Amino acid sequence: MDGFSRRRMLMTGGALGAVGALGAASPALARPLWTWSPSASVAGTGVGVDPEYVWDEEADPVLAAVIDRGEVPAVNALLKQWTRNDQALPGGLPGDLREFMEHARRMPSWADKAALDRGAQFSKTKGIYVGALYGLGSGLMSTVIPRESRAVYYSKGGADMKDRIAKTARLGYDIGDLDAYLPHGSMIVTAVKTRMVHAAVRHLLPQSPAWSQTSGGQKIPISQADIMVTWHSLATFVMRKMKQWGVRVNTADAEAYLHVWQVSAHMLGVSDEYIPATWDAANAQSKQVLDPVLAHTPEGEALTEVLLGIVAELDAGLTRPLIGAFSRYTLGGEVGDMIGLAKQPVLERLIATAWPLLVAFREGLIPLPAVPAVLWTLEEALRKFVLLFLSEGRRIAIDIPDVNRPS
């Protein structure tokens, strides 16, 4: 589709033909028709094109050109100097890339600084829950999102899966950093670099026979629908679980947390018409795009083992059964089975009974409860995990890839 906009093609007379052709290649086994209305988005309106067939018409051609011109190593070297939101772009960048980046770094006109600040403070205050859910909830859930697992596994990042998984979990934490969108913060930088990585992967992965043979007919990876699937596995999932656990979340904090993620979706290149305006809209979209796609894949199984291996490093594996039971409790038995988490019936029942009491105590809702000692061990393990892999000061080192997974 070089030379013209995929989105424009769909918005004109070729829409049905394009969708039909892609549908023939990819029957979308469990994926329902897109019915979510753009009236529920932050834009409040839109053309309603299925995001499954929308990519990034601004970033994609620019990054494809940078790769084809052999400029990636030089660009990556220059981008290492760009670490703060308020920094000027490094000199020496290709003109087309510089023009794109200057546009991409602009915050949306509807961004609310007060809401961003409050959302970041909320993430900080609820850090133990948010961090654990990002790493051991969303991180593990990503391994049963087939397209995400395969895109990670077969791209260059799949050659170092430990680093790649740490980056995925870290992104959620960085979005809620207190300084994320302030001049001296780095989330704008992270978002623009991540957007460029996505565009590079879209150019490279279709050249990978291994990815093409397992993509289920998808011709171009990381559609806007795929990005929103990941968005829901982080933002929507975390908010839903905190409320299920009984974590105290008032309306203003919930809306501020959502706003942080709304801005972040925009900065990652998602069209405003696909970004939910409310939590009700987010939950409705999540049920359509995330819930039906969860499934086991060999690539996801490999990623799961890497993530659980990271957890085992905390204490030589002593609490791995406890962490596994907590993850099954958090994600549900069905997803736990997809991931391949060993069943721990006794520990799972214990956590299901005692974890809500521990949360209620931590939230100041009840006096010190009679919680089994093993739950305090679990809480300490979760705290170590958050501190080790989501600690402040650990920035994501993002490089644009120019090859797929070497193996």
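Keep in mind that what you see is a predicted model, and the values were worked out from it rather than measured.

Caption draft 1: Representation of the overall build of the protein chain within the structure. If you tally the helices and strands in the protein chain, you get 19 helices and 0 strands. By residue count, 55% of the 407 residues in the protein chain fall in the buried class. When the accessible surface of the protein chain is summed, it comes to about 16900 Å², and 57% of that surface belongs to carbon and sulfur atoms.

Caption draft 2: Spotlight on the pattern of salt bridges. Per the stated rule, a full pass over the model turns up 18 salt bridges. Between Asp 337 and Arg 328 there is a salt bridge, and its shortest N-O distance comes to 3.0 Å. For Arg 328, a relative accessible area of 5% translates into the label buried.

Caption draft 3: Up close: the packing of helix H8 (residues 146-154) against helix H15 (residues 298-312). It is the contact of H8 with H15, at a shortest axis distance of 8 Å, that shows an interaxial angle of 70°. With respect to H15, the axis of H8 lies roughly perpendicular. Of H15, the residues touching H8 (which contributes Ser 149, Arg 150, Val 152, Tyr 153 and Tyr 154) are Glu 299, Gly 300, Ala 302 and Leu 303. The class makeup of the residues in the contact of H8 with H15 is 5 nonpolar, 2 polar and 2 charged.

Caption draft 4: Geometry of the packing of aromatic side chains. In this structure the tally under the stated criterion is 12 aromatic pairs. Centroid distance Trp 34 to Trp 36: 6.0 Å. Interplanar angle 50°. Geometry classified as tilted. Classification of Trp 34 by relative accessible area gives buried; the value is 15%. We classify Trp 36 as buried; its relative accessible area is 8%. For the pair Tyr 257 and Trp 279, a centre-to-centre distance of 6.2 Å together with 20° between the ring planes defines the contact as stacked. Taken as a pair, Tyr 257 in helix H13 (residues 251-267) and Trp 279 in helix H14 (residues 279-289) lie far apart in primary sequence, 22 residues in all. Just as Tyr 257 is buried, Trp 279 falls in that class too. Each member of the aromatic cluster is reached from another via a ring pair, and the members are Tyr 129, Trp 245, Phe 326 and Trp 355. One residue, Arg 405, lies across the ring of Tyr 153, its end atom 4.1 Å from the ring centre.

Caption draft 5: Local environment of helix H5 (residues 95-104). Buried within H5 we find Leu 97, Phe 100, Met 101 and Ala 104. Down the axis, H5 shows its buried residues gathered within 95° of arc, on one side only. Facing away from the buried side of H5, by more than 90 degrees, are the exposed residues Gly 95 and Glu 99. For H5, the elements touching its buried residues are helix H3 (59-68), helix H4 (72-79), helix H10 (187-204) and H13.

Caption draft 6: Structural view of the nonpolar core. Leu 97, Met 101, Met 196, Met 242, Trp 355 and Leu 378 are the most contacted members of the largest nonpolar core, which has 110 residues in total. Once residues within four sequence positions are removed from consideration, Leu 378 is found in contact with Leu 322, Ile 323, Phe 326, Ile 351 and Trp 355.

Caption draft 7: Summary view of unusual backbone geometry. The phi dihedral of Ile 222 is positive, around 55°, even though this residue is not glycine. Secondary-structure assignment places Ile 222 in the loop between helix H11 (209-214) and helix H12 (224-245).

Caption draft 8: Looking closely at the side chain of Arg 195. One can find Arg 195 in helix H10. Within the structure, the side chain of Arg 195 is placed 2.8 Å from the side chain of Glu 58, a separation counted as a polar contact. Residues in contact with Arg 195, not counting those within four places in the same chain, are Asp 56, Glu 58, Ala 59, Phe 100, Ala 104, Met 267, Leu 268 and Gly 269.

Caption draft 9: How the structure looks around the packing of helix H6 (residues 113-125) against H13. Direction vectors running N to C along H6 and H13 enclose 105°, while the axes themselves pass 7 Å from each other. Between H6 and H13, the crossing angle belongs to the class labelled roughly perpendicular. Every residue of H13 that contacts H6 at Ala 115, Leu 116, Arg 118, Gly 119, Ala 120, Phe 122 and Ser 123 is listed here: Ala 252, Asp 253, Ala 256, Tyr 257, His 259, Val 260 and Val 263. By residue class, the composition of the contact of H6 with H13 is 9 nonpolar, 3 polar and 2 charged.

Caption draft 10: A look at the environment of Val 270. By the element assignment, Val 270 lies in the loop between H13 and H14. Judged by its relative accessible area of 3%, Val 270 is buried. Distance from Val 270 to Trp 55, taken between C-alpha atoms, is 8.6 Å for residues 215 residues apart in sequence. What Val 270 contacts, discounting residues up to four positions off in sequence, is Gln 224, Ile 227, Met 228, Ala 265 and Ile 275.

Caption draft 11: Main features of the environment of Ala 342. With respect to the helices and strands, the residue Ala 342 is situated in the loop between helix H17 (333-339) and helix H18 (345-362). In contact with Ala 342, not counting residues within four places along its chain, are Arg 328 and Glu 348.

Caption draft 12: Expanded view of the environment of Asp 399. Mapped onto the secondary structure, Asp 399 falls in the segment after helix H19 (373-389). Linking Asp 399 and Val 197, residues 202 residues apart in sequence, is a C-alpha distance of 7.3 Å. In contact with Asp 399, not counting residues within four places along its chain, are Asn 76, Lys 80 and Val 197.

Analysis parameters
Residues numbered from 1 in each chain as written. Predicted model: local features only at pLDDT ≥ 70, side-chain atom pairs only at ≥ 80, totals over all residues. Heavy atoms only, no water. Helix = DSSP H or I, 4+ residues; strand = E, 2+ residues; numbered from the N terminus. Buried < 20%, exposed > 50% of the residue type's maximum accessible area, 1.4 Å probe, protein only. Areas by Shrake-Rupley, 256 points an atom, 1.4 Å probe, with all protein chains shown as cover. Salt bridge = Lys/Arg side-chain N within 4 Å of Asp/Glu carboxyl O. Axes fitted to C-alpha atoms, helices over the stretch in contact; angles between N-to-C directions. Parallel < 35°, antiparallel > 145°, perpendicular 65-115°, else oblique. Contact = heavy atoms within 4.5 Å. Nonpolar A, V, L, I, M, F, W, Y, C, P; charged D, E, K, R; others polar. Phe/Tyr/Trp six-rings, centres within 6.5 Å; stacked < 30°, edge-to-face > 60°. Lys NZ or Arg CZ within 6 Å of the ring centre and 35° of its normal. Arc of directions from axis to C-beta. Core = buried A, V, L, I, M, F, W, Y, C linked by side-chain atoms within 4.5 Å. Polar contact = N/O pair within 3.5 Å; in protein donor to acceptor, adjacent residues only side chain to side chain.

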